[in-house]
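If you want the building blocks of each chain, they are given just below.
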Amino acid sequence: MKEDQLIQNTIDFVKKELQNAEGGHDWFHIERVFNTSKLILKHEEGNTPVVKLAVLLHDIADPKFHGGDESIGPQTAKNFLESQSVDEQTIEHVVKIIVQMSFKNSLEKGTKFTSNELQIVQDADRLDAIGAIGIARAFNYGGFKNRELHNPDVPPNLNMSKEEYKKSTAPTINHFYEKLLLLKDKMNTETGKKLAEERHKFMLDYLDQFYKEWNGTK
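To start, this report covers the structure provided alongside it. None of the values given here were measured: they were computed from a predicted structure. Residue indices follow the written sequence of each chain, beginning from 1 at its first position. Predicted model: local features are reported for residues with pLDDT of at least 70 only, side-chain atom pairs are reported and counted for 80 or more only, and whole-chain, interface and lining totals are derived from all residues. Think of the side-chain values as coming from all heavy atoms in the structure, minus any hydrogens and water.

A few words on the nonpolar core. Nonpolar cores are built from buried Ala, Val, Leu, Ile, Met, Phe, Trp, Tyr and Cys residues. Side-chain atoms within 4.5 Å join them into one set. Under the scheme applied here, a residue whose accessible area is under 20% of the maximum for its type counts as buried, over 50% as exposed, and between as partly exposed, the area being computed with a 1.4 Å probe on protein chains only. Counting 51 residues, the largest nonpolar core has Val14, Leu56, Leu57, Leu81 and Phe176 as the members making the most contacts within it. A total of seven residues in this core trace back to one element, the largest contributor, which is helix H3 (residues 48-57). When checking whether two residues touch, look at their non-hydrogen atoms; a contact exists if any pair is within 4.5 Å. Setting aside anything within four residues of it in sequence, one finds Val14 in contact with Trp27, Ile30, Leu56, Leu57 and Ile60. Strands here mean DSSP runs of E at least two residues long; helices mean DSSP runs of H or I at least four residues long; both are numbered from the N terminus.

This is how it looks when you write it as structure tokens:
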């Protein structure tokens, strides 16, 4: 099968699977990350088909919406790629990227799989978690989970384990300190680092305005 047809089949599959997804993890999230990954690929070395497939399938079954089960997404991706007669090496690489790329898995210690393609996909996904869209996604998910916007009596937990992170019910503002503001310095590629700078600054400016309004000083 030609690459263009495979990518189109994958897009069609993902759109169907995510048609009722939460707004921050829906098809439009995938599309944004897909476009950002193509931008990064213009400046960084990587296997384009692997990057595209991994991006398209990376949130096919996000554990947050499947009782914390981290096996469903990789298995769903593997089953789909096998149904498209994709070669075994590509499937293995894509699945490893999906398994390894999430922020919560970066909280685990030990040797991890890495590749240029993983770094590109991870950067593209993390860029969608910061800046104006990152802020919108954070509050959308907080509303979805009925969380407080902010509670001054609940300080951010800056040393969470993976399990603590998965079980957290903290106010949305805490998420900025527990994840979003950390992502700029976790970018892998030079392109990712450059793109993250402006988005990071936007979040800092937003928080400054948020606290002024929260405290009634502006």
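The subject of this paragraph is the pattern of salt bridges. For this document, the term salt bridge refers to a Lys or Arg side-chain nitrogen within 4 Å of an Asp or Glu carboxyl oxygen. Across all of its chains, the model carries nine salt bridges by this definition. As a salt-bridge pair, Glu190 and Lys193 come within 3.4 Å of each other at their nearest N and O atoms. Linking Glu190 with Lys193, this pair stays in helix H10 (residues 190-214), spanning three residues, or about one helical turn. Linked by salt bridges that have partners in common, Arg32, Asp128 and Arg137 make up one network.

The relative placement of two aromatic rings is captured by the distance of their centres and the angle of their planes. Between 30 and 60 degrees the pair is tilted, below 30 it is stacked and above 60 it is edge-to-face, where a pair is any two Phe, Tyr or Trp rings, Trp via its six-membered ring, whose centres lie within 6.5 Å. As enumerated under the stated definition, the model contains eight aromatic pairs in all. Judged by centre distance (5.7 Å) and plane angle (20°), the ring pair of Phe210 and Trp214 falls under stacked. On the criterion of helical spacing, the pair formed by Phe210 and Trp214 is a turn pair, its members being four residues apart in helix H10. Assessed through its relative accessible area of 12%, Phe210 is described here as buried. Within the aromatic cluster, the residues linked to one another by ring pairs are Phe139, Phe176, Tyr206, Phe210, Tyr211 and Trp214.

To continue, consider unusual backbone geometry. Unlike most non-glycine residues, Ser85 shows phi in positive territory, near 60°. If you trace the backbone, Ser85 turns up in the loop between helix H4 (72-83) and helix H5 (88-100). Using a relative accessible area of 65% as the deciding quantity, one classes Ser85 as exposed. You will see that Asn146, though not glycine, has its phi angle at about 55°, which is positive. Residue position: Asn146 is located in the loop between helix H7 (131-144) and helix H8 (162-167).

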